[in-house]
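Structural features, examined
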Amino acid sequence: MNTDELGRKANWVRNQILEMIVSANKGHIGGAFSCADILVTLYYGGILRFDPNNPNWSERDKFILSKGHSCVALYAVLADLGFFSISELNFFCQRGSMLGGHPDRNIPGIEADTGSLGHGLGIAAGLALSGKIDKKDFMTVVLVGDGECYEGSVWETAMFAGHHQLNNLIAIVDRNQQCVTDFTEDCVRLEPLDNKWRAFGWDVKTINGHSFEELLDTFKDFRCRKSARPLAIIANTIKGKGVSFMEGELQWHHSVPTGENLRIAREELTLNK
Amino acid sequence: MNNQHEASDIDIRDAFFDEVYAIASKDPNVMFLTADMGALSLNKFKKDLSSQYINVGVAEQSLVSIAAGLALGGKGVFIYTIAAFITQRCYEQVKIDLCCMRLSVAIIGSGPGITYSSDGPTHHAIQDVAIMRALPEMTILNPSDPVMAAATARIAYKSRGPVYIRIDKGKLPLLYDNNENFSDGLALLKKGRDLMIITTGVMVHQAFKVADELAKHTIDAGIIDMYRIKPINEELLLSVIEKSNRIVTLEEYSIIGGIGSAISEILVDKGKALPVKRIAIADKNCVGYGDREWMHSFYGLDVDSITKTILEWIT
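Everything numeric here is computed off the predicted structure, so don't read it as measured data. Residue positions are counted from 1 within each chain, in the order its sequence is given. Chain labels run from A onward and ligand labels from 1 onward, assigned in the order the entries are written. pLDDT decides what is reported in this predicted model: residues at 70 or higher carry local features, side-chain atom pairs at 80 or more are listed and counted, and totals for whole chains, interfaces and linings draw on all residues regardless.

1. Overview of the overall build of chain B
Numbering of helices and strands starts at the N terminus; helices are DSSP runs of H or I of at least 4 residues and strands are runs of E of at least 2. Looking only at helices and strands, chain B features 12 helices and 12 strands. A radius of gyration in this sense is built from C-alpha atoms; the matching globule rule multiplies 2.2 Å by the number of residues raised to 0.38. For 315 residues, the compact-globule formula gives about 20 Å, and the C-alpha radius of gyration of chain B, at 19 Å, lands near that figure. Projected onto the principal axes, the alpha-carbon positions of chain B cover approximately 60 × 40 × 35 Å. Counting other C-beta atoms within 10 Å of a residue's C-beta gives its exposure: the residue is buried at 20 or more, exposed at 12 or fewer, and partly exposed in between, where C-beta atoms are placed from the backbone. Within chain B, the fraction of its 315 residues that count as buried is 53%. Residues are treated as contacting if the C-beta atoms built from their backbones sit within 7 Å of each other. When contacts within chain B are restricted to residue pairs at least 6 apart in sequence, long-range pairs at least 24 apart make up 79% of them.

2. Points about the interface of chain A and chain B
Residue-level contacts link 19 residues of chain A with 20 residues of chain B. A total of nine residues in the side of chain A that touches chain B trace back to one element, the largest contributor, which is helix H4 (residues 120-133) of chain A. We call Asp, Glu, Lys and Arg charged. Ala, Val, Leu, Ile, Met, Phe, Trp, Tyr, Cys and Pro are nonpolar, and the rest, Gly among them, are polar. Classifying every residue of the side of chain A that touches chain B by side-chain character gives seven nonpolar, eight polar and four charged.

3. Some words on the sheet that holds strand E10 (residues 228-230) of chain B
Residues and elements named next belong to chain B. Ordered by their spatial adjacency, seven strands build an open sheet running E2-E1-E3-E4-E6-E5-E10, and the pairing between neighbours is mixed. Two strands lie at the open edges of the sheet, namely strand E2 (53-55) and E10, each paired on one side alone. On average, adjacent strands in this sheet sit at an angle of 20° to one another, irrespective of strand direction. Bridge count between strand E5 (residues 139-141) and E10: two bridges; the pairing is antiparallel. In the strand pairing of E10, isoleucine 140 is matched with lysine 230. Here a strand pair is declared whenever DSSP counts at least two bridges between the two strands. As a rule, the C-alpha atoms of each element are fitted with a line to give its axis, helices using only the stretch in contact, and angles between N-to-C directions run from 0 to 180 degrees.

4. Let's talk about the packing of helix H3 (residues 60-72) of chain B against helix H5 (residues 91-100) of chain B
All names here are of chain B. Two elements in contact, H3 and H5, have axes whose closest approach is 9 Å; the angle formed by their N-to-C orientations is 0°. As far as their axial angle goes, H5 and H3 are roughly parallel. Within the contact between the two elements, H3 uses Gln61, Val64, Ser65 and Ala68 and H5 uses Gln93, Val94, Asp97 and Leu98. Its residues assigned to classes, the contact of H3 with H5 shows four nonpolar, three polar and one charged. Orientation categories follow fixed angle ranges, with anything under 35 degrees roughly parallel, anything over 145 roughly antiparallel, 65 to 115 roughly perpendicular, and all other angles oblique.

5. Some points on the packing of helix H2 (residues 29-44) of chain A against helix H3 (residues 71-81) of chain A
Residue and element names in this part refer to chain A. Close contact between H2 and H3 brings their axes to 9 Å; oriented N to C, the two are set at 30°. As the angle between them shows, H2 and H3 are arranged roughly parallel. Considering the relative orientation of H2 and H3, their crossing is right-handed. Touching Ala32, Cys35, Ala36, Leu39, Val40 and Tyr43 of H2 are Val72, Ala73, Leu74, Val77 and Leu81, all from H3. Taken together, the residues of the contact of H2 with H3 break down into 11 nonpolar, no polar and no charged. Crossing handedness: left-handed means the near helix sits turned counterclockwise from the far one by under a right angle, and right-handed means the same turn made clockwise.

6. A word on H5(B)
Of all 10 residues in H5(B), eight are buried, a share of seventy percent or more. Listing the buried residues of H5(B) in full gives Gln93(B), Val94(B), Lys95(B), Ile96(B), Asp97(B), Leu98(B), Cys99(B) and Cys100(B). On its buried face, H5(B) sits against H4 of chain A together with H3, helix H4 (83-88) and strand E4 (105-110) of chain B.

7. Some words on the sheet that holds strand E3 (residues 169-175) of chain A
Remark on secondary structure: sheet strands pair via backbone hydrogen bonds, oriented parallel or antiparallel. All names here are of chain A. Read from one edge to the other, the open sheet built from five strands follows the order E1-E2-E3-E5-E4, with strand pairing classed as parallel. What marks the edges here is a single partner per strand, and that holds for strand E1 (62-65) and strand E4 (203-208). Averaged over all adjacent pairs, the angle separating strand axes in this sheet is 20°, with direction ignored.

8. Things to note about the nonpolar core
Judged by nonpolar contacts, the single largest core of 185 residues is most densely connected at Ile17(A), Ala73(A), Ala67(B), Ile79(B) and Ile197(B). Here this core gets 10 residues from one element, more than from any other, and that element is H2(A). Apart from residues lying up to four places away in sequence, Ile79(B) is in contact with Leu33(B), Leu63(B), Val64(B), Ala67(B), Ile86(B), Val105(B), Ile107(B) and Ile108(B). Nonpolar cores are built from buried Ala, Val, Leu, Ile, Met, Phe, Trp, Tyr and Cys residues. These are joined into a set through C-beta atoms within 7 Å.

9. Observations concerning the domain arrangement of chain B
Residue and element names in this part refer to chain B. In terms of domains, chain B is made up of domain 1 (12-167) and domain 2 (187-314). Domain borders in the structure are assigned automatically or taken from a domain database. In this structure, domain 1 and domain 2 have C-alpha centres spaced 26 Å apart. Each partner contributes residues to the interface: domain 1 has 22 residues there, and domain 2 has 25 residues. When contributions to the side of domain 1 that touches domain 2 are tallied by element, the ones reaching two or more residues are helix H6 (128-133) and E5. For the side of domain 1 that touches domain 2, the class distribution of residues is 11 nonpolar, nine polar and two charged.

10. So, the pairing of strand E2 (residues 140-145) of chain A
Residue and element names in this part refer to chain A. Counted residue by residue, E2 has six buried out of six residues, so it is predominantly covered. Burial of E2 is two-sided: the residues Thr140, Val142 and Val144 facing one way and the residues Val141, Leu143 and Gly145 facing the other way are all buried. Pairing of E1 with E2, which is carried by four bridges, proceeds in the parallel orientation. Bridge pairing in E2 links phenylalanine 63 to valine 141. Judged from the six bridges that link them, E2 and E3 form a sheet pairing that is parallel. Residue pairing for E3: valine 144 is matched across the bridge by valine 173. Handedness of a crossover is defined as follows: orient the strands so they point away from the viewer, and if the path from the first strand over the helix to the second runs clockwise, the crossover is right-handed. Since E2 and E3 lie parallel, the crossover through helix H5 (residues 152-163) that links them has a hand, and here it is right-handed.

So this is what it looks like as structure tokens:
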């Protein structure tokens, strides 16, 4: 897809996120909106290698959503691509549903159970290491939240991946500047986040996580990088991106819009179609 | 079965790691990860199979998650460090990355109970069974002699889910023949007319000494080695204690959540109303340092104290 098409797809994904969360009366809308453009680029921009008809294809790239609470965005993408029926989205968090508030690998296309933060990078590093050992050329891509970077286990693994030169591993940080109840730089400062990753032996690129041009440009050579180091992509994003009253506002980590807010959210996302 | 209790010429930990070495030698897909914990018998592994050996550093959380990733990538994985650390420091990783994802990773905990006696409570593993037992998919093995220790390595290698193995140290007497396959999960090592002692790990050997003392008081005590703590073979357990009038559970472990708890739960659920005496480590913090023998006296787990506790209970 070109950047215009990616933009339209991302808008469709945000519409699905909104309706799933409204229908279930729960869900993490802010972080799902902040990472939607990243997911759409990975899955529709010709970046990741996958086969919806054969989710366990051995040569597939491995994508791990370490910030599992953003799964509503990934569910919409996977359903649209045909990993499972799109009608499943109607049952998000409903009784007996396959799709819950955090993802698990019983769902076609989901590689790992996530939800508690700080696990996904380690799992991704193990997968990347297995690929190195077996001389396979699949890539392992993990999306972590910036608030997730408070977890010590992230840095345990960052050190490991740097030491073992896992250049088949890419960590994307959804840098939306917020954790659940606070702005990251107000509660415990994360900056300089790029130099932290560099100090642990990673290459680092900082980009606009809502620019499809920058996202495509950053990912385009990810399979044939010359560097021996793993790559951290710090994607600057806006929590709640796509709905004006949510953007950058703390209350939309997991609030559900109702009434006039819901009408405005639907209108704005529809206008962008 | 061999109840002659010959002295073993091999440390139980070496017996285990020698078997892991044998498995990994034949299967290059097997990886061994340690969180900076060594063992004499591991040196051979590290030297001969260096590409299958990784020290992740003192980083238990990452150890478990990386192991999960390797298992997802098709590797057979053994992970290893001190029992208290590999269960408690990274409990959530074990719960989610291994149990929820049903991955066949072998978790090797060195030093169950108060093996690391004078190193103090930071190194005592007397809460690990309670928390590991609460995890769906988990198997817990607690070998009592070198033959069984080697067998547990093979059981974990063939397992389709996570297995936690508590590995003691020292040259424990031999209890089993090499042809045992340990699929039963428990073994009746001694029949007894008056009461049945159900025990596990290093305390199996203590139980034989206690039984000898009880015999001097004309009390005939049986002994069951409950080497698979989860899942417990309930059917076999109920069958071997069918004619027992009293049960004693004996463990080098907290009174909360170990085999005493597990067996009590089974008896309650099955409506089997038997008098049960749980002998274990009291629910209080360890104060003072000493060797394992001293700590057994401190906790009432030496032969004299156990014998006295049982005699007072039944008379």
